[in-house]
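Residues per chain are reported as follows:
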Amino acid sequence: MNTDSYKVLKLSNGEMIICEINAFNNDVYDIMNPLKMEISLIRNSKNDLGETLNLTPWLQHFTDQKYFNIEKNHCILITDASVGSVSYTHLTLPTKRIV
């Protein structure tokens with residue numbers, strides 16, 4: 001599994017997404033398969049607090065488009081995704097779409 005193209009982006013509106021970056025130029029990131037990252041607090045069986053990561057389609061509920069462009073000025077942070085995050089992303093991405 002090639003994890004080099006997977007990045008975590010923190011957007012200026014506060015959202016965090018994990019995605020593949022296909023290309024970029026001076027103004028725009030061309031991304032594919034973006035998933036919104038949400039951290040939720042949970043309690044375990046011992047009533048201790050913990051966190052869980054939820055990945056949901058970012059805009060795919062509203063479009064069949066697979067590729068998106070994000071202007072660089074809307075991205076305040078970009079970093080490489082961890083191997084574990086990429087593995088979880090592959091488990092979350094749908095293998096086929098129902099039309």
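Everything below is about the structure shown above.
Residues numbered from 1 in each chain as written. Predicted model: local features only at pLDDT ≥ 70, side-chain atom pairs only at ≥ 80, totals over all residues. Heavy atoms only, no water.

> Mind showing me how you'd approach the overall build of the protein here?
Looking only at helices and strands, the protein has 1 helix and 6 strands in total. The secondary structure elements of the protein, listed N-terminal to C-terminal, are β-β-β-β-β-β-α. Along the three orthogonal principal directions, the C-alpha set of the protein runs to about 50 × 35 × 30 Å. A total of 99 residues make up the protein; the buried ones form 30% of that total. (Helix = DSSP H or I, 4+ residues; strand = E, 2+ residues; numbered from the N terminus. Buried < 20%, exposed > 50% of the residue type's maximum accessible area, 1.4 Å probe, protein only.)

> I tried to follow the pairing of strand β3 (residues 28-43) on my own but got confused; where do I start?
Successive residues of a regular strand alternate their side chains across the two faces of the sheet. Two strands pair when backbone bridges link them, and strand β2 (residues 16-24) and β3 are joined in this way by 7 bridges, in the antiparallel orientation. Residue pairing for β3: Ile-21 is matched across the bridge by Ile-31. Between β2 and β3, which pair antiparallel one after the other, the connecting turn spans 3 residues. Pairing geometry for β3 and strand β5 (residues 67-71), over 5 bridges, is antiparallel. (Pairing = 2+ DSSP bridges.)

> Explain the pattern of salt bridges to me, please; I cannot follow it from the model alone.
Note on pairing: side chains with opposite charge can pair once their charged atoms come close. Applying the stated criterion to the full structure yields 3 salt bridges. In this structure, Glu-15 and Lys-36 form a salt bridge, with 3.7 Å as the shortest nitrogen-oxygen distance. One end of the pair, Glu-15, is in the loop between β1 (6-11) and β2; the other, Lys-36, is in strand β3, and 21 residues separate them in sequence. Via salt bridges that share partners, Glu-15, Lys-36 and Glu-38 belong to a single interconnected network. (Salt bridge = Lys/Arg side-chain N within 4 Å of Asp/Glu carboxyl O.)

> Got a minute to help me understand the pairing of strand β4 (residues 49-57) in this structure?
Both β3 and β4 contribute to a ladder of 9 bridges, which runs antiparallel. Across the sheet, Arg-43 pairs through a bridge with Leu-49, a residue of β4.

> Which parts of the structure should I look at to understand the nonpolar core?
Where a protein is soluble and globular, its nonpolar side chains tend to be buried together. The biggest cluster of nonpolar side chains holds 11 residues, and these are Leu-9, Leu-11, Ile-17, Cys-19, Ile-21, Tyr-29, Ile-31, Trp-58, Phe-68, Ile-70 and Cys-75. Of all the elements in the fold, those that place two or more residues in this core are β1, β2, β3 and β5. Ranked by the residues each element gives to this core, the list is headed by β2, at 3 residues. When residues no more than four places from it in sequence are discounted, the contact partners of Ile-17 are Lys-7, Val-8, Leu-9, Ile-31, Pro-34, Leu-35, Lys-36, Met-37, Trp-58 and Ile-70. By size, the runner-up hydrophobic cluster in this structure holds 9 residues, among which are Tyr-6, Ile-18, Met-37 and Leu-93. (Core = buried A, V, L, I, M, F, W, Y, C linked by side-chain atoms within 4.5 Å. Contact = heavy atoms within 4.5 Å.)

> Is there a simple way to think about the packing of aromatic side chains in this case?
Under the counting rule described, the total for this entry stands at 2 aromatic pairs. Ring geometry for Trp-58 and Phe-68: centres 6.0 Å apart, planes at 75°, overall edge-to-face. Here the residue Trp-58 occupies a position in the loop between β4 and β5, and Phe-68 occupies one in strand β5, the gap between them amounting to 10 residues. Looking at Trp-58, the relative accessible area reads 15%, which means it is buried. (Phe/Tyr/Trp six-rings, centres within 6.5 Å; stacked < 30°, edge-to-face > 60°.)

> In this structure, what is going on with helix α1 (residues 83-92)? I would like to understand it.
Because the α-helix completes a turn every 3.6 residues, residues three or four places apart line up on one side. By the burial criterion, the buried members of α1 are Ser-85, Val-86 and Thr-89. Relative to the axis of α1, the buried residues are bounded by an arc of 100° and lie together on one face. Turned more than 90 degrees away from the buried face of α1, the exposed residues are Val-83 and Leu-91. Those residues of α1 hidden inside the fold are in contact with β1, β2, β3 and β4. (Arc of directions from axis to C-beta.)

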